[in-house]
Structure formats: structure tokens, C-alpha cells
Amino acid sequence: MSDPHAHHHASNTGVPARALPQGPSPTHDPDHAAHAGAPSDHGKHAGHSVEGFRRKFWLSLVLTVPPLVWGHMLQDALGYTPPQFSGSHYIPGLFGTAVFVYGGWVFLQGAARELRSRAPGMMVLISLAISVAFGFSVAVALGFPGMPLWEELATLVTIMLLGHWLEMRSISQAQGALQELAKLLPDVATRITSGDATEEVPASDLRERDVVLVRPGQSVPADGVVSHGTSDIDESMITGESRPVSKATGDRVIAGTVNATGALRVEVTAIGDRTALAGIMRLVADAQVSRSRVQILADRAAFWLTWVALGAGGLTFVGWLMAGASPSEAVERLVTVLVIACPHALGLAVPLVVAISTTIGAQNGLLIRDRRGLEEARNLTTVVFDKTGTLTLGQHRVVDIAVTDGWTPEEALAVSAALERNSEHPVARAIVTTAEERAVAKYDADKFAYVAGRGVEAVVKGNSFAAGGPNLLRHLKLEVPSAIQPMVDKAAGQGQGTIYLVRESTTVVAAFAVADAVRPESREAIERLHADGIEVAMLTGDAKAVADGVAKELGIDTVLAEVLPDQKSARIQELQAQGKRVAMVGDGVNDAPALARSDVGIAIGAGTAVAVEAGDIVLVRSDPRDIARIITLSRATYRKMVQNLWWAAGYNVVAIPLAAGVLSRWGVNLTPAGAAVLMSLSTIIVAVNAQLLRRVKL
């Protein structure tokens, strides 16, 4: 066990570039990397943005009002007469045409792409319905006998724009993960030229074998080896190591890590695409593109509905002509079939549920970033937690105290806090913070002195005290008292640091176990998952002894410790290869590839921005108990999606024959306006059913 005050241990945590996937670095084009493969996944939206659909919907909604007011559908239904003036009879046609041209163009473009790819689907059916309605209405306006469908056309385009806007908003993938990764690298580096002369250069100008100066508080601009100096480096965002790592000559450093204390000279060994950070970025880019299984189901249903509608429409048209109907009547039957079969409800079935479930999640501290993750959560069999910052606070605390006779834990903690209050060392801060949280007495310290490699000394309440690790006891030639030894052994077995309090350089009076503190909610979170029959694993870059200690305390089933960033994604894949449905819960940059690779990536909201961006779901409260709520929401959401899809596609079994006129001999004829009403009704039913999701208790 190394002295937690001294931190003098060699480290070689740098990740070799060759261990990471090679290929073009996403740093040059993060948007492209984040959207690789998107057109094939969401071809019906290719070339259009969420903002574009939103803008088209609102303007089309405004343009739809006049056709509804001056059209025949509402007049017949409500029995009112709109204001009449010269040219008012042109209003439905003018505004209906405007909606068709402005709002319907995106669907016509989508239909053209589907036809070129020989995969007709929802966009083809939508385009066919609005085109036939438009053509028929124009023909009627030019003298063809029949009833124009301007308000049905405008309503159809507007509602479909709403559906696709909601859908695009729910499926648009985060571009920010790669950008946040890139932000870890400084824009400027201090390069050493001749002797001790330095120059500020763009980090992109660095070359291998350059020597850079990294001052305290600065980020390391490139992978390299320390050529001069000693310091503590915060590598938590890359390796998952919760404690600052001591670096000296010959030790590797990783681009994006933060220098905490002393100045370092670093010889650059890898730049650009070859750095460990670039490798992590490639892993995120490769794994982030996702696909919704329920939306695939909706697309398949729309594909078959397209052929059913086309076939039914054609048979209807030919059948009525053969039965002796007029061309006007046959066209009206055709339009009625196409209008009623248009997948309003099918287009809204999934995105409406997703939009509502997203709102419900946000109200409960669950941010849904990727619908695929929410859908998959219902099937989870294994939840993998990162340790630092997820199951633990990511901050060191005193987790155990042992004292000798005559001392209480509170008094020993108060004295130690007085000694450590003037020190900036992470372990010192842990003792001071713990004392503040426990509200122990606050003492003043005089004659404070820091003894390198051993600890601190000061006078408290008239007595001389020293605090430090094992090196302090070795220097003073003191033995650990028997009353304290069991706690010291326990801490060593769990990989925890131990700090001793010594009075008058002669007597060890207390010992403190210092470690990354476990979140108070973690135990309950794991108990809830176990109650649901879900296996719990822990994946961390920390030492095995540290990980085992946390796992034993929380009752975790499987421990995967000392795992480097590029290995984390591979470990997730290994679990998936065993047939497990895996969720990864993490908060650091080093977790991003695993978050993206897992079936469900769950990011702790208080963690780094990149983990939040890479996760499918973000826990705003940083409460691991919310994972059980995610599973409940996922199951309820999926249930509503399936119900809506069955209704949206199933109502056509009755509606299409009715629109085709199978009950005409009994005097039941569905008009195009009536078809539009039924179509709208199916959409309303889907919307109401989706709203019932709000009753679910998480």
C-alpha cells in the first residue's frame, strides 16, 4: 500500500495508440462521424432538419385554417355558413394548394427517394394520397363533377408534418459527444525550443518528439512521456482512476488529462489520430448510430399498408366502373380509399409515445436522449456500473475511523481536520470535508508545517500532532496499536488509504481509512435491480482491491477492475456475446465508448459532458435508483407503442373495405370527407392512448 500522502509510485496508465481502432479521426468532422449511416437508417428524412419540419408544420397549420372555415366539411358537420364576399369561394383552393406545395413537397421528395431505392413505404402512400386529393380537387375546380377535397388535403399535410416533426425530434442523434471529447484537448500548447525558451503554438502544430511544458492546471496537449519534473495528474476523465496519479521522469501521460500540481516537461509520442483520446472518439463514433426496433416495425407496417392501399384503391376504381358507376363516382371511391388508408395514426403511433415518455422521464429526472435506449431498457438482464462518480461520489471521504483508549472518533477527526486544513492534498481535503459534513468541533492549528513524503505537523490545543501515512510511522519508528490494527488491515484489503494521527511524536492515537465514498443511494439501487432479477456488475479502471471493497459493501455480483478505456467497450461486447442485454451506467469520458456500445447507455448527469452526450438516458439527479424507474418507464412505453401500432394498422381492416363501398347496396357510402374524419379519429385515438402513459407510476 503506497503512502496516500506521498503518492510516490510509478504509473504507466497511458493507452498505446495501437490498442485503439484505427481509421479516420472524427476530430476533423464530428458531425459526419456522429451521423455516419444516418441516411440509410432514416431515409425518409434525409436532407431535412428538425427545425425545417417544425417551421413547415406551424406555417401549414396557419394556412389550413381558411380551407377549414370556408370548406364544406365543417359546414356540413357544424351547420354554419362562413362569411361570404367576392372571391371567397376560391379560398379553399388557394390555401389548399399553398399547403400542398409548401408543406407537401418534403413528402414528395421522400416518396421519390423510396421509389428510387425500390422500397416504397410511408412516404409513397402519403404522397399518393395528397397528390390524388390535390389532382381530384383541381379537376373539380375545372369542372369535373364531384366534391373538392381542399380541407382534407390541407389537414392531411399539416398532421403529417406534425408527426414527422415529433419523430425527427425524438430520433435526432446527439452530435455533442465527439465535440465534448475534442474540448478536452487544449487549443494552445507551450513548446520548448532551444534551452529553456518557450513558444505558444496551436496544439495541432505539435509533432512527435517535440517537448512541451505543461503547467499546473493545464491539460496535456498530446500523448507523451515525462522528460523532466514530477506532478500529480488527474486522469479520471480518461482512465477512471479516482485518485490523482503521481508522474515522474519516464512515465506516460495522456492527452486531455489535467496537471494538478508541479510543472512537467513532456516529450510528445503521439498526436492527432494516434492519441488515446482520438481512439476513444473513434469508439464513440462507431457505436453511437442506433436504430429503433419499434420504428422498424412501423416502417414495415407502412410498407405493406402502401401495397394494400394501392391494391384496394385500384380494385375499387375498376370495380365501380365495371359496376356501371360514373367516372366521378369511381374517382371519389378511389380517393376515399387512399385518404382513409393514409397512415396518419401509423406515422404518429411511435413518435407521440416517445414524446410523452420523454416528458414523463424529464419530470422524474430521466432525460431520454435516444429512443432506442428507452425501448431496449425493458429487456435488460445486466446492469454494469462504473464505480467512480456513479456508485461512488467521485470524491474522497473518511469511510472508517479507529481510535485508542481516551479518544472518540469525533475528537480525533476534529484534531486531524485542524492539521490538514492548510494542506491542498486530496487526502487532506477528504479529512477536512468529512469533518465539515459531520459537524465536529473546529480547532485552530499553530506552527503548521508540511513534511514532504510524510505528512503535516501542527500544534492543536497545546499539543503537538502529526498526520500522515505509513511513511510517517516509519520515520518516527512507531508501531500501529492493537486497537487500530484491525481497521488498518481491513482498509488495506479494500485498497483504501490509511492516515494516522500521532501525538507528541510518540503515540498513535487514531487512524482514518480514506476512500472514494459510496453514494448513500447505491445500495438501495442494487437491491431494487436484484429484486427485478437483474444482474449487477461493476466496470472500473481502479485497482482490484478498491473495486472488490466497494462490490462487497454493495452486494455487486460481478467485478471487472483495472480495465483501460479501450477495453471497457470490449468487456461490454463480451457480456453481450453471452446473450445478455446490457446497460452501462457511467459518468466519465472513459465510459463514453462503453455507454455507446451497450444496449442502453445511462449517463450520470453530474458527470462529464461527453458521458451525458454519449448516453441514451441521463440521470439528472445522479441517483442510481433511477435505473429501476427507467425500466418501468420502458415497459410502459413499449406497451403503448405496440397498442398504437396495432390500432393504427388494424383499423384499416374495417376502414378500407368501408371506404371501398362494400356496404353501398345497403345505402352506406363513405364520402372522402367522412374518410378524412375517420382518419382523424384514428389519430385522436392513438393520441389519447399515448396520453394514458402519464398515469404510469415510476
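Residues numbered from 1 in each chain as written. Predicted model: local features only at pLDDT ≥ 70, side-chain atom pairs only at ≥ 80, totals over all residues. Heavy atoms only, no water.

### A closer look at the overall build of the protein chain
Summing up its helical and strand segments, the protein chain has 26 helices and 22 strands in all. Burial statistics for the protein chain: of 698 residues in total, 55% are counted as buried. Summed over its atoms, the accessible surface of the protein chain is roughly 28,800 Å², and 56% of this surface lies on carbon and sulfur atoms. (Helix = DSSP H or I, 4+ residues; strand = E, 2+ residues; numbered from the N terminus. Buried < 20%, exposed > 50% of the residue type's maximum accessible area, 1.4 Å probe, protein only. Areas by Shrake-Rupley, 256 points an atom, 1.4 Å probe, with all protein chains shown as cover.)

### A word on the sheet that holds strand E8 (residues 258-259)
On the basis of which strands lie adjacent, the open sheet formed by three strands has the order E6-E5-E8 and antiparallel pairing. Strands with a single pairing partner mark the edges of an open sheet, and in this sheet they are strand E6 (245-247) and E8. (Pairing = 2+ DSSP bridges.)

### Topic: the sheet that holds strand E22 (residues 617-619)
Here we have seven strands laid out as an open sheet, ordered E10-E22-E21-E20-E11-E18-E19, and mixed in their pairing. Either end of the sheet is taken by a strand with one partner, and the two such strands are strand E10 (366-368) and strand E19 (558-560). The sheet shows a mean angle of 20° between the axes of neighbouring strands, taken without regard to direction. Sheet topology note: the strand E11 (residues 382-386)/strand E20 (residues 582-586) ladder contains four bridges and is parallel. From the neighbouring strand, Thr382 faces E20, where its bridge partner is Val582. The sheet strands contacting helix H22 (residues 565-577) are E11, strand E18 (535-539), E19 and E20, and the helix crosses E20 at an angle near 155°. (Axes fitted to C-alpha atoms, helices over the stretch in contact; angles between N-to-C directions. Contact = heavy atoms within 4.5 Å.)

### Description of the packing of helix H3 (residues 50-70) against helix H5 (residues 91-116)
H5 packs onto H3 with a crossing angle of 160° between their chain directions and a minimal axis gap of 8 Å. One way to sum up the angle between H3 and H5 is to call them roughly antiparallel. Crossing hand, H3 versus H5: left-handed. On the side of H3, the interface is formed by Phe53, Arg55, Lys56, Leu59, Ser60, Leu63, Thr64, Pro66, Pro67 and Trp70, while H5 contributes Ile91, Pro92, Phe95, Gly96, Ala98, Val99, Tyr102, Gly103 and Val106. For the contact of H3 with H5, the per-class residue count stands at 13 nonpolar, four polar and two charged. (Parallel < 35°, antiparallel > 145°, perpendicular 65-115°, else oblique. Left-handed = near helix turned anticlockwise from the far one by under 90°. Nonpolar A, V, L, I, M, F, W, Y, C, P; charged D, E, K, R; others polar.)

### Observations regarding helix H16 (residues 409-420)
Relative to the 16 Å expected for twelve residues at 1.5 Å per residue, H16 spans 16 Å between its end C-alpha atoms, a close match to the ideal helical length. In terms of burial, H16 is largely enclosed, as nine of its twelve residues are buried. Within the span of H16, buried status applies to Ala412, Leu413, Ala414, Val415, Ser416, Ala417, Ala418, Leu419 and Glu420. (Expected span 1.5 Å × (residues − 1).)

### Let's talk about the pattern of salt bridges
Between side chains of opposite charge, pairing is possible as soon as their charged atoms come close. If you walk through the whole model with that rule in mind, you get 16 salt bridges. The closest approach of N and O atoms between Lys387 and Asp516, which form a salt bridge, is 3.6 Å. Of this pair, Lys387 sits in helix H15 (residues 387-391) while Asp516 sits in strand E17 (residues 507-518), and the two are 129 residues apart along the sequence. Of the two residues, Lys387 and Asp516, neither departs from the other in class, the shared state being buried. In this structure, Arg625 engages Asp623 in a salt bridge whose closest nitrogen and oxygen atoms are separated by 2.8 Å. For Asp623, a relative accessible area of 6% puts it in the buried group. (Salt bridge = Lys/Arg side-chain N within 4 Å of Asp/Glu carboxyl O.)

### So, the side chain of Thr392
With respect to the helices, strands and loops of the structure, Thr392 is situated in strand E12 (residues 392-403). A polar atom in the side chain of Thr392 sits 2.5 Å from the side chain of Asp516. (Polar contact = N/O pair within 3.5 Å; in protein donor to acceptor, adjacent residues only side chain to side chain.)

### Points about the pairing of E18
Burial analysis of E18 places four of its five residues in the buried class, which makes it a mostly covered element. Here five bridges tie E11 to E18, and the two strands are oriented parallel to one another. Across the sheet, residue Thr382 finds its bridge partner in E18, namely Glu535. Here E18 pairs with E19 via three bridges, running parallel. When the bridges of E19 are listed, Leu539 appears paired with Leu560. For the handedness criterion, the β-α-β arrangement of E18, helix H21 (residues 544-554) and E19 is classed as right-handed. (Right-handed = clockwise from strand over helix to strand, strands pointing away.)

### Side note on H21
Three or more residues of H21 are buried, namely Val546, Ala547, Gly549, Val550, Ala551 and Leu554. Buried residues belonging to H21 abut H15, E17, helix H20 (522-531), E18 and E19. One or two steps after H21, the chain reaches Gly555, where phi turns positive at roughly 80°.

### Some points on the packing of H16 against helix H17 (residues 426-437)
Between two packed helices, what matters for the description is the angle formed by their axes and the separation of those axes. Direction vectors running N to C along H16 and H17 enclose 130°, while the axes themselves pass 9 Å from each other. Taken together, the axes of H16 and H17 lie oblique to each other. Our pair here, H16 against H17, has a crossing hand that is left-handed. Between H16 and H17, the residues in contact are Leu413, Ser416, Ala417 and Glu420 and Ala428, Arg429, Ile431, Val432, Thr434 and Ala435, respectively.

### With respect to the nonpolar core
Across soluble globular proteins, nonpolar side chains show a tendency to be buried alongside one another. Counting residues in hydrophobic clusters, the biggest one holds 44 residues, and the most contacted among them are Val383, Phe385, Leu529, Ile556, Ile602 and Ile627. Counting residues in each nonpolar core, the second largest holds 28 residues, with Val403, Ile431, Val440 and Ala458 among its members. (Core = buried A, V, L, I, M, F, W, Y, C linked by side-chain atoms within 4.5 Å.)

### Things to note about the confidence of the model for the protein chain
In this model, the protein chain carries an average pLDDT of 78, and 79% of its residues clear a pLDDT of 70 or more. At the level of individual helices and strands, the protein chain shows its lowest average pLDDT in helix H1 (residues 30-34), which scores 33, and its highest in strand E3 (residues 211-214), which scores 93. In this model residues 286-291 is a low-confidence stretch, pLDDT under 50, and it forms 24 contacts with partners more than four residues away in sequence or in other chains. (pLDDT = per-residue confidence, 0-100.)

### Points about the packing of aromatic side chains
How two aromatic rings sit relative to each other is given by the distance of their centres and the angle of their planes. Applying the stated criterion across every chain, the model contains six aromatic pairs. Relative to Phe85, the ring of Trp70 has its centre 6.1 Å away and its plane inclined at 80°; by these criteria the two rings are edge-to-face. With Trp70 in helix H3 and Phe85 in the loop between helix H4 (72-78) and H5, this residue pair connects regions lying 15 residues apart in the sequence. Accessibility expressed as a relative area gives 22% for Trp70, which makes it partly exposed. Judged by centre distance (5.9 Å) and plane angle (75°), the ring pair of Phe134 and Trp150 falls under edge-to-face. Remark: Trp150 occurs in helix H7 (residues 150-171) and Phe134 occurs in helix H6 (residues 122-141); sequence separation between them is 16 residues. Taken as a pair, Phe134 and Trp150 share a single burial class, namely buried. (Phe/Tyr/Trp six-rings, centres within 6.5 Å; stacked < 30°, edge-to-face > 60°.)

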